[in-house]
Every structure is written in structure tokens, then in C-alpha cells.
Amino acid sequence: MSDTYQSIRDRSRWLRRLATFVFCSLVAALVLEGGMVFSADDTALAAASLVIYRLPVLFYLAGVWAIRQTFSKLAGGDIFSKLLPALLRRLGLALAGGGVASVFMSPWLWRAFLGPMGGSWASFDPSAIAVGLAGLLLIILGDLMRRASEMKHELEGFL
């Protein structure tokens, strides 16, 4: 295996650990917040608020897990794996879903929860919009990578 591929594998091993740490930290924070719901005076209101407020985080957690899986495959030497396009697509869907949840779903749920005068129709957060668009780009790149892999396999059949 060339030095370039070995370097990718080594970095991916380290980044897989980092992604695992980030994922576990986010889950621990959500569990801690969930536990704090039970100490609130109005548990139902606190739980509903937490779910609505943290809805995008669930999508982003799925994205972090997809990133971790991708680093794991790269660390294992699957540089040109057929699974990588699927993982890129999964990451893209998670990021796009998180962007949609941040911009539209959470505000709509707040509006439904608080009444028509209590919430907005959308939250025009530039970072959430950019992350959602980056997710859509990753979906396209995953499809392109899948097609390139199919073409490579087809060309190898001729040689």
C-alpha cells in the first residue's frame, strides 16, 4: 500500500476516535438535558420544549455517526469502497434533514405548540441553511462517486 493510502488510513483512525468522542459528548448532553426535564415544575411543558428545541440535533447526530462510519471504513483500507457513496449519501441526508429541521420544522412545531401568534414560519439561520445545502451537495457527490465506481468497474472488465 502506498504512503498516501497509509496516511489516509492513519488520519482516519484518529478522526474516527474524534467523531466517536463528539457523538458520545452530544448524546451525553442530550441525556443530561433530558434528565433535567424531570426536575422542572411542568414536566410535560419542559419535555415538549426540549423535543422541539433539540429536534435538529437528532439529524446532526445521525450525520456525526455517518461521518464516524466513513472514517472507520477509510481506516480499514476501503479507500475506493462501494459503501463510501452510500455513507456520503446518508451524511448528506442527515445534514439536509438537520437544516430543514432547524429552518422549518422547529419553528412550525413552536407555532403549533404556542398557537398561531406564538411562532414564526421559518428561522432564517444562515448556518443551518448552509449546512442543509452542503448536505444536498454531499448527496449529489455520493451519487457521482457511485457512478464513477461503476464506470471504473466496467472499464476494469475490458482490461
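Nothing here was measured: the structure is a model prediction, and the numbers come from that model.

Chemist: Give me the pattern of salt bridges: which residues, what numbers.
Modeler: Scanning the entire structure with this criterion turns up six salt bridges. As a salt-bridge pair, arginine 89 and aspartate 143 come within 3.4 Å of each other at their nearest N and O atoms. Pair noted here: arginine 89 is in helix α3 (residues 83-114) and aspartate 143 is in helix α4 (residues 126-158), with a separation of 54 residues, a long-range link. Using a relative accessible area of 27% as the deciding quantity, one classes aspartate 143 as partly exposed.

Chemist: Quick one: what's the story with the packing of aromatic side chains, residue by residue and with numbers?
Modeler: Applying the stated rule across the entire model yields two aromatic pairs. With a centroid separation of 5.0 Å and 55 degrees between ring planes, the pair formed by phenylalanine 23 and tryptophan 65 is classed as tilted. Of this pair, phenylalanine 23 sits in helix α1 (residues 3-37) while tryptophan 65 sits in helix α2 (residues 43-75), and the two are 42 residues apart along the sequence. Of note, arginine 68 hangs over the ring of tryptophan 65, and the distance from its end group to the ring centre comes to 5.1 Å.

Chemist: Describe the side chain of serine 12, naming the residues involved and giving the relevant values.
Modeler: Looking at the element boundaries, serine 12 is found in helix α1. Side-chain polar atoms of serine 12 contact the backbone oxygen of isoleucine 8, separated by 2.8 Å. Apart from the residues within four sequence positions on either side, serine 12 is in contact with Phe71, Leu74 and Ala75.

Chemist: Before we move on, can you summarise α4 with the specific residues and values?
Modeler: Between its first and last C-alpha atoms α4 spans 48 Å; for 33 residues at 1.5 Å apiece the expected length is 48 Å, and the two agree. Among the residues of α4, Ala128, Gly132, Gly135, Leu138, Ile139, Gly142 and Ser149 are the ones counted as buried. On the buried face of α4, the contacting elements are α2 and α3.

Chemist: Describe a nonpolar patch on the surface, with residues and values.
Modeler: On the surface, a nonpolar cluster with roughly 490 Å² of combined accessible area is contributed by Trp14, Leu18, Phe21, Val22 and Leu26. Among the structural elements, phenylalanine 21 can be located in helix α1. We classify phenylalanine 21 as exposed; its relative accessible area is 57%.

The rules behind the values
All residue numbers refer to position in the chain's written sequence, counted from 1. Under the rules for a predicted model, residues below a pLDDT of 70 receive no local features and side-chain atom pairs below 80 are neither given nor counted, while totals for whole chains, interfaces and linings still include all residues. Only hydrogens and water are set aside when side-chain values are computed; all heavy atoms of the structure are taken into account. We define a salt bridge as a side-chain nitrogen of Lys or Arg found within 4 Å of a carboxyl oxygen belonging to Asp or Glu. Secondary structure elements are taken from DSSP: a helix is a run of H or I of four residues or more, a strand is a run of E of two residues or more, and numbering for both begins at the N terminus. Partly exposed describes any residue whose relative accessible area lies between the buried limit of under 20% and the exposed limit of over 50%, with all areas from a 1.4 Å probe on protein chains only and scaled to the type maximum. Pairing of aromatic side chains requires ring centres within 6.5 Å, counting the rings of Phe and Tyr and the six-membered ring of Trp. Pairs whose planes differ by under 30 degrees are stacked, by over 60 edge-to-face, and all others tilted. The rule for a charge over a ring is simple: NZ of Lys or CZ of Arg within 6 Å of the ring centre, and within 35 degrees of the ring normal. Under this definition, polar contacts are N or O atom pairs within 3.5 Å; protein pairs additionally need one hydrogen-donor-capable and one acceptor-capable atom, and for neighbouring residues in sequence, both atoms have to be side-chain atoms. Contacts: residue pairs with any heavy atoms within 4.5 Å of one another. Every helix has an expected span of 1.5 Å times one less than the residues it contains. Patch construction takes residues with relative accessible area above 30% that form no salt bridge. Like charges are linked within 9 Å, and nonpolar side chains (Val, Leu, Ile, Met, Phe, Trp, Tyr) are linked within 5 Å. Only the protein chains shown count as cover for residues, and all accessible areas are computed by the Shrake-Rupley method using a 1.4 Å probe.

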